[in-house]
Every structure is written in structure tokens, then in C-alpha cells.
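# Inside the fold
Listed below are the residues making up each chain.
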Amino acid sequence: MDTNKIRIFDTTLRDGEQSPGAAMTAEQKLQIARALRDLGVDVIEAGFPISSKIQFDGVKEIADVLQKESNQKESPYIVALARCVEKDIDAAYDATKNNDKKAVHIFIATSPIHMEYKLKKTPEEVLATVKKMISYAKNKGFEHIEFSAEDASRSEFDFLVEVFRTAIDNGATTINVPDTVGYAIPHEYGELIGKLKKAIPEFNDKVYLSVHCHNDLGLANANAISAVVNGATQVEVTINGIGERAGNTALEEFVMSLDTRKDLINKTTNINKKLLYPTSKQLIHLTGLVPARNKPIIGENVFIHESGIHQDGMIKNRQTYEIINPEMIGRDSDTLVLGRHSGMNGFKTRLEKLGIKIEPKEKLEEAFQKFSELADTKKEVYDDDLFVILGDIVNDIPEGYSLKYHSIFSEKDFTSTEKVNQSARVELIKGNKKGNVYEAASSSGDGPVDAIFKAITKITKVEPVLKEYIVQAVSSGTDAQGEVKLSLEIKGEVYNGRGSSTDVIEASAKAYLNAINKHLFVKK
Ligand code: KIV
Ligand code: ZN
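Below or above, wherever it landed, is the structure these notes cover. If you're wondering where the values come from, they're calculated on a predicted model, not measured in any experiment.

## Quick word on the sheet that holds strand E2 (residues 43-47)
The pairing of strands in a sheet comes from backbone hydrogen bonds and takes either a parallel or an antiparallel form. Strand order around the closed barrel formed by 8 strands is E1-E2-E3-E4-E5-E6-E7-E8, with parallel pairing between neighbours. Pairwise comparison of adjacent strand axes, ignoring direction, gives a mean angle of 25° for this sheet. The pairing of strand E6 (residues 174-179) with strand E7 (residues 208-213) spans 6 bridges and is classified as parallel. By the bridge assignment, Asp179 is partnered in E7 with Cys213.

This is how it looks when you write it as C-alpha cells:
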């Protein structure tokens, strides 16, 4: 074990996908898994197979496909999550068994509050369960077993050591110390890691000591850094920091902290930094989860300098106000713009540079077709346009509703002398796109977007509450595509949708349908 090389365990597809609005289809998950592999993560936590058939199938698809592609590419470990229960470990095994680099991640809570109220188990019972279930996983054939003590940062130290000792003695090869509720403070968490390293000698060379930090106090990255300085050898992260509640340590923040302050922290990772920004963009375009503009590293504002004093400094020397060169993370100025004369080769080469791989061949051809259509209406096709095309291809939910036709018309409201009502007519297709056409009209709406949403509701019979609605131009120029990202609340669950078009009303309808289709056809 090279203790100066921090192993990156990515849980975008498990802890990340657990967060509201981040549910992905199997196809989207596979796309992200490929992007994570190309980014250079060492471990991909692909999901929680016992929790549903969709989860099981999603993990299996990733394990199977990445195994098939492993002769062309260095492959990461594929991990499935399991509670300390036999049937969970069996499901994790079945979902990953075709992969040579399979691993299981088994967890049980160890803090007094979790043991008493959630598990209703005594510490002795928890200890016995750990012993039994880690041995079970070992006998099942897992070589790589990660054990997590959920809520470790609020657990009693001596008990934690006893639990970890038991897990290691029975076959655990990685021990994870989650700050499950984001409660720890950096110096305190670093001290905990340092003390664990002293108490358990295997952490020096045989067993990975991992950290998993939540961001409830905005300290997830600071805690991960403090842990690494004190001896942690694996860090669990997600792209854009998505995850339960306030999220997890963001992969891009952690990697760039190590890199930017290598004068202080002599640790590296296997991450290809040039793919940090493209990978973040892929996740945004696939899930519709848009980070804040000031989100470190990947936010829209973080390389924009507004004040005169800052602009003056930047002109004289970029390092006056920039500690990271945007090109290092793939926010490059290499604006090789594609256009109507670009062929398949140029298109494919540009996608590869952005870390995008579209498979199988028919999908790539479909993407090229969409690109050609766009290039016919729009002179210059930028990187962001390509991410949108990718999103359209991968977001497609084949059994769902899609927009065939729409029109908006205005009618004078005869009950009022000034008001003009907007009405909409839509035609939707369901299923294989050759299926039935459903037609509806809304007689009035509060503007054209509201009118078209009402008409869609008449057909789908889904009545959501619109929680968020964002329209953005995808690239510059008056011929730019508009991209709509929205969140709908349906029966207490949040669904994100996205849609694009040079017509913003059409983009809105597509986004609305995308979220409704996730509700109707993508079960968690
Ligand atoms: O936050 C947490 O404790 C988890 C565990 C399953 C590792 O996500
Ligand atoms: Zn977590």
C-alpha cells in the first residue's frame, strides 16, 4: 500500500443518488460509471442492490459492462452496499459476481443513539453481528470487504476500536469512519483518525483507513483533508458533492485541495484532473441537479472576476486572484468549435476530449444525427451543446411520454377588459414512439409555460407541484439552445427534469415530461 497515494472511493451512484432529485435510470448510471472510470477513481460504489430491483439491475449492469470493457481500460473496483444482514450480502454478491474487481461495503451503526433508538441492539449484539457478517462475506468469496461504522464520529472511541478490530480479524480489508451527520470539526476528526491509526497497526500497511464526510456544517472537505493529514488512506467522495441532505465531500474539491496545497500535504491521487470539469458537467446534464454558481471548482462564477480591482490584478498576473488554473481541470480555452462541416471523426474526437463515451454504435450515430440537425440550425456547436445532446440521448425513458406536437394560442378573457389568456394544445406519444397519440388542450394558463404544463397534466393525470424552474442559454449567441431544468414534487418525492430546444416553450414541456416520466417509469 502506497500511503502517499490516496485511494478515491466514489459514491455518486449510491450516497449521491440517494439524495432528492438525483434518481437516475440504469443507462444514466452506466454513463456516469464510465465517466468515473475514465476520470481515474479507484472504487465506484454502484448502489444498494437489496433495496430494489432497479438498484440491483443498475449495479449489475455497471459490474457486467465495466468488466467487458476492462481489457481496453484500467478498471476500478465495483462496490455494492449491504447492511450487516445475510440477504443484503447475497444481493451484493449476485449483482457484482461477474466482475473480477468486485467488492462489498457492509455497514452497521455504532453510536449510542443509533444503537439504542434505530437498531435497538446492545453494543455486544452489534459486535457479534459484525463478526458474523464479515465472516459471512469472506466465506461467500469477497476478497475486498469494506466495513463502515455508521455514525462513527459520535461513537465511543474504545467501542469503535473493538468493532474495527473484530471486522479486521474476520476479513475486512478497508475500514471506514463515517461522519454520517456532518457533526465533526476538522481538528477533532483528524485527531480521531490519528488515534485510530495508533490503536490499530494494520492501518499502516495492510488495511485501508477510509473517511466519509457529510457536509451538514459545510465542513466535509475540511474534515477529509484533516483526516488525510492524520493518516487516512482512502476518501469517499461524490461528484459535485451530491449526497444525503447537504451532501458529501466533493471529489473535485478534495482533489484540487491536495493538488493546490501540495506544499503542505504530500499526497496524490490517480485522478485525471483535466476531466474534473467535464465529468461534473455530465452529471449536471444527466440529473438536472444544478450546483450553486459559487460552488467551489466547478461553479459558474468561480473563474469570473467582477470588481475593477480584481480585474486589474488579473490582467497583471492571473495568480493575484486565481489559485487554480481553469485549464488544469478541463475548463479550457481550447474552443475547437464544431459546425455543419464537422464529420463523425471530429465529433467523436471532441466527445473523447470531454470524457464522453457514447455506446453502443447506434447511440453514437443517433447522437451524431442530433448534432448534425443542430449544426444545421446553429452555426457553431459548443461543448455545452454536446453535453445537452448527450443528456437527450441518455435521458430518454423509452416507455415514457414524449412531445410530438405543441402550439400556443392567445384568447381574450371576456370577463376582463385587459386580460389575454394563453392556451396550449399538445400531442404526446407514449412508449415506442409509434404508439398511441394522446391529445389535450388547456383552455387557459398563467402564461404559455403554465398552459402547456396544464395540457400535459390532462394526459398524464400526474399533478405535480413545480418547485424549481431554471431556463438557461446553453451557449452564447441569439441562436443558442435553451435548456430548462426543473424540479417537480409528486407525492412527497422530488423529480428533476431537463429538456432543450431552440424554442423555450418546447424545452419546458420536454423537461416537465422528463420529470413526470421519472416518476411514472423509474422506480428507486
Ligand atoms: O453516511 C454514512 O454513514 C453512510 C454509510 C453507509 C457509510 O453513507
Ligand atoms: Zn453517507
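More follows now that the structure is in view.
## Considering the coordination of the zinc ion (ligand 2)
Looking at the zinc ion (ligand 2), the protein donor atoms are Asp15 (OD), His212 (NE2) and His214 (NE2), and they sit 2.0 to 2.1 Å from it. Here the donor residues for the zinc ion (ligand 2) map to a single chain with the spacing D-x196-H-x1-H. You can see Asp15 sitting in helix H1 (residues 12-16) and its partner His214 sitting in the loop between E7 and helix H9 (220-229), a full 199 residues away along the chain. Here the two residues Asp15 and His214 agree in accessibility, since each one is buried.

## Description of the pattern of salt bridges
Inspection of every chain in the model, using the stated rule, returns 36 salt bridges. Arg14 is the salt-bridge partner of Asp15, the closest N and O atoms lying 3.6 Å from each other. Asp15 gets classed as buried once you look at its relative accessible area, which sits at 2%. Exposure remark for Arg14: the relative accessible area of 10% places this residue in the buried category. Where salt bridges share partners, they join Arg34, Arg37, Asp38, Glu69, Lys357 and Glu359 into one cluster.

## Observations regarding the sheet that holds strand E12 (residues 465-473)
If you walk across this open sheet you meet the 3 strands as E12-E13-E14, and the pairing is antiparallel. The two strands at the open ends of the sheet, each matched to only one other strand, are E12 and strand E14 (493-501). In this sheet, adjacent strand axes meet at a mean angle of 15° when their direction is disregarded. When E12 meets strand E13 (residues 482-490), the two strands line up antiparallel, connected through 8 bridges. Its bridge partner lying in E13, Ile470 is registered against Lys485. On the sheet, helix H15 (residues 383-395) packs against E13 and E14 and is oriented at approximately 125° with respect to E14.

## Brief notes about the site of ligand 1
The full set of residues close to ligand 1 is Arg14, Asp15, His105, Phe107, Ser148, Glu150, Asn176, Pro178, Thr180, His212 and His214. The separation between an oxygen atom of ligand 1 and a polar side-chain atom of Asp15 is 3.1 Å. Here an oxygen atom of ligand 1 sits 3.1 Å away from a polar atom, N or O, in the side chain of His212. When ligand 1 sits alone it has 260 Å² of accessible area, and the protein chains cover 93% of it. For the shell around ligand 1, the elements supplying multiple residues, two or more each, are H1, strand E4 (102-109), strand E5 (145-150) and E6. A per-class count over the shell around ligand 1 returns 2 nonpolar, 6 polar and 3 charged.

## What about the packing of helix H8 (residues 186-199) against H9?
Contact geometry of H8 with H9 gives a least axis separation of 8 Å together with a crossing angle of 35°. The handedness of the crossing between H8 and H9 comes out as right-handed. Only Ala222, Asn223, Ser226 and Ala227 of H9 make contact with H8, whose side of the interface consists of Pro186, His187, Tyr189, Gly190 and Ile193.

## Regarding the environment of Val211
If you trace the backbone, Val211 turns up in strand E7. Taking the C-alpha atoms as reference points, Val211 and Glu306, 95 residues apart in sequence, are found 37 Å from one another. Discounting residues that sit within four places of it in the chain, Val211 has contacts with Asn176, Val177, Tyr189, Ile193, Ala224, Ala227, Ala232, Gln234, Val235 and Glu236.

## Some details on the packing of aromatic side chains
Enumeration according to the criterion identifies 6 aromatic pairs in this entry. When the centroid spacing of 5.3 Å and the interplanar angle of 85° are considered together, the rings of Tyr93 and Phe142 count as edge-to-face. Of the two residues, Tyr93 sits in helix H4 (residues 86-96) while Phe142 sits in the loop between helix H6 (123-140) and E5, which places them 49 residues apart along the sequence. Ring centres of Phe347 and Phe371 lie 4.9 Å apart, and the angle between their planes is 25°; this geometry places the pair in the stacked category. With Phe347 in helix H13 (residues 344-353) and Phe371 in helix H14 (residues 361-377), this pair connects stretches of sequence that are 24 residues apart. Each member of the pair Phe347 and Phe371 is classed as buried. An aromatic cluster is present here, built from Phe347, Phe368 and Phe371 joined pairwise through their rings. Taking the ring centre of Tyr208 as reference, the NZ or CZ of Arg7 above it sits at 3.6 Å. Sitting over the ring of Phe157, Lys195 keeps its end group 4.3 Å from the ring centre.

The rules we used
- Residues numbered from 1 in each chain as written.
- Chains lettered and ligands numbered in written order.
- Predicted model: local features only at pLDDT ≥ 70, side-chain atom pairs only at ≥ 80, totals over all residues.
- Heavy atoms only, no water.
- Pairing = 2+ DSSP bridges.
- Helix = DSSP H or I, 4+ residues; strand = E, 2+ residues; numbered from the N terminus.
- Axes fitted to C-alpha atoms, helices over the stretch in contact; angles between N-to-C directions.
- Donors = N, O, S within 2.8 Å, 3.2 Å for Na, K, Ca; no water.
- Buried < 20%, exposed > 50% of the residue type's maximum accessible area, 1.4 Å probe, protein only.
- Salt bridge = Lys/Arg side-chain N within 4 Å of Asp/Glu carboxyl O.
- Contact = heavy atoms within 4.5 Å.
- Near = heavy atom within 4 Å.
- Polar contact = N/O pair within 3.5 Å; in protein donor to acceptor, adjacent residues only side chain to side chain.
- Areas by Shrake-Rupley, 256 points an atom, 1.4 Å probe, with all protein chains shown as cover.
- Nonpolar A, V, L, I, M, F, W, Y, C, P; charged D, E, K, R; others polar.
- Left-handed = near helix turned anticlockwise from the far one by under 90°.
- Phe/Tyr/Trp six-rings, centres within 6.5 Å; stacked < 30°, edge-to-face > 60°.
- Lys NZ or Arg CZ within 6 Å of the ring centre and 35° of its normal.

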